[in-house]
Amino acid sequence: MKVLVLGSGGREHALAWKLRQSPRVTELYCAPGNGGICDESQCLNADMKSVDSMVELANRLQPDLTVIGPELPLMLGVVDEFTKRGWPVFGPTSAAARLESSKSFAKEFLQRYHIPTARYAICTRFDEVPEALKLFHTPVVVKADGLAAGKGVVIAKTKEEAAQVAGEMLSGSMLGEAGRRIVFEEFLDGEELSFLVMSDGERVVPLVAAQDHKRVGDGDTGPNTGGMGAYSTPNIVDDKMREWLVTHIAKPVVAGMAAEGAPYKGILYCGLMMTARGPMVLEFNCRFGDPETQPILMRLESDLVDALEAAVQGRASEGDFRWSTDSSVCVVLASEGYPGAYENGKKIEGIPAADEMTGVKVFHAGTSKRDGGYYTAGGRVLGVTARGPDLRSAVDLAYQAAGKIRFEGMHYRKDIAARGLKK
């Protein structure tokens, strides 16, 4: 079986690593890939901003399954184009991916189907901002409507700050077109949970849950990032809560999208806040999360190809995934300056020493490979991921492995999974 993965980050490396373990996979390709993915699969050129480029590649390869990693190709409609041609592809159509590509669409959808979420207001012009802000107490959350690579959310401590951020977003100076429409939301207090399900357009199958760490600094300080680490344990949600989340959030979303003529096939990532009022939807992603995919797939013991193929063919079932009772942790090693400006091309030392540790896998996020060595090529560089019989051992192992790696300006959080350890 010939499989193609589209994307170039840590999520795609984890997908390629897991897909390669399937005895059914005889050829594995990734486009454009990165320094580490090229060790797992054959990397080819393709432009993730061009549907034509991705279609041309698939036409040449004729893969038996294509797995879409990042959000941009989904928004651009690559699944629609592959489906038209009869090519098996895992991911939602452009219409279904609006749950991620438009925050305002997602909020209005949640309201239509009575799915719990924070109160909100939508603004398209700056003169609407003062009236909208009257509806909220501080802090208030300001979100760009469009895709912003995990950087389109600001938690404003004052209404003055919220108005300033809104103005910068709406003017296009902060995030370009992604911020031309904004969403204000009430600030929700609680613990975040990443709850992923797989859908075939009708049925819903939950994956194990994870918790992401969005802020750049220890103790959840500093600006938001694409994610500085994540962990997954068997008890992060119990069976009763998992069933509630499937029944009251995941299934209504899939049924609602089908009712609106945009059947949802693929991974639905529900970003939740577990509040005193109950679970509330913060956001949707229409693909595997990053860095949640790394610890989640470290716990997967069944064949990922079989599961993805079942969803594509409309026969998803509860038996598609088999999970380890171990815990897993991913610690992201980032470039100096991230999530702001950073320099590429720093030599990375110590990856083989970390990778050789039992229970450890170093997933590459932003790397290139030349002359047998690895170099930084992104803000998030590596996701050092470890699996152990309990959370403490997984955390200790991940940090021991991270300690073996060095590059100029490297920084990472020292408190990944601290909340889980407290429990």
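In this report, we go over the structure that sits alongside the text. (Residues numbered from 1 in each chain as written. Predicted model: local features only at pLDDT ≥ 70, side-chain atom pairs only at ≥ 80, totals over all residues. Heavy atoms only, no water.)

Quick word on the side chain of lysine 18
Then, in step 1: Here lysine 18 lies in helix α1 (residues 10-20).
Then, in step 2: A distance of 3.0 Å separates polar atoms of two side chains, one belonging to lysine 18 and the other to glutamine 21. (Helix = DSSP H or I, 4+ residues; strand = E, 2+ residues; numbered from the N terminus. Polar contact = N/O pair within 3.5 Å; in protein donor to acceptor, adjacent residues only side chain to side chain.)

As for the pattern of salt bridges
Then, in step 1: Taken as a whole and assessed by the stated rule, the structure comprises 36 salt bridges.
Then, in step 2: Where arginine 287 meets glutamate 100, a salt bridge forms, and the shortest distance between an N and an O atom there is 2.5 Å. In this pair, arginine 287 is assigned in the loop between β17 (278-285) and α11 (293-298) and glutamate 100 in helix α6 (residues 98-101), connecting sequence segments 187 residues apart.
Then, in step 3: Glutamate 100 gets classed as buried once you look at its relative accessible area, which sits at 5%.
Then, in step 4: Residue arginine 180 pairs with glutamate 177 through a salt bridge whose shortest N-O separation is 3.2 Å.
Then, in step 5: A relative accessible area of 37% means that arginine 180 is categorised as partly exposed.
Then, in step 6: A residue is classified by how much of its surface remains accessible, and glutamate 177, at 62% relative accessible area, is exposed.
Then, in step 7: Among the charged side chains, a salt-bridge network with shared partners connects Arg24, Asp306, Glu309 and Arg315. (Salt bridge = Lys/Arg side-chain N within 4 Å of Asp/Glu carboxyl O. Buried < 20%, exposed > 50% of the residue type's maximum accessible area, 1.4 Å probe, protein only.)

Describing the nonpolar core
Then, in step 1: The biggest cluster of nonpolar side chains holds 78 residues, and the ones touching the most others in it are Leu99, Phe195, Met257, Phe284, Val329, Leu333 and Ile405.
Then, in step 2: At eight residues, helix α14 (residues 391-402) tops the list of elements feeding residues into this core.
Then, in step 3: Setting aside chain neighbours within four positions, we find isoleucine 405 in contact with Leu333, Ile348, Glu349, Gly350, Ile351, Ala354, Val362, Leu382, Val384 and Met410.
Then, in step 4: In this structure, Phe90, Leu196, Tyr269 and Ile296 belong to the second largest nonpolar core, which totals 36 residues. (Core = buried A, V, L, I, M, F, W, Y, C linked by side-chain atoms within 4.5 Å. Contact = heavy atoms within 4.5 Å.)

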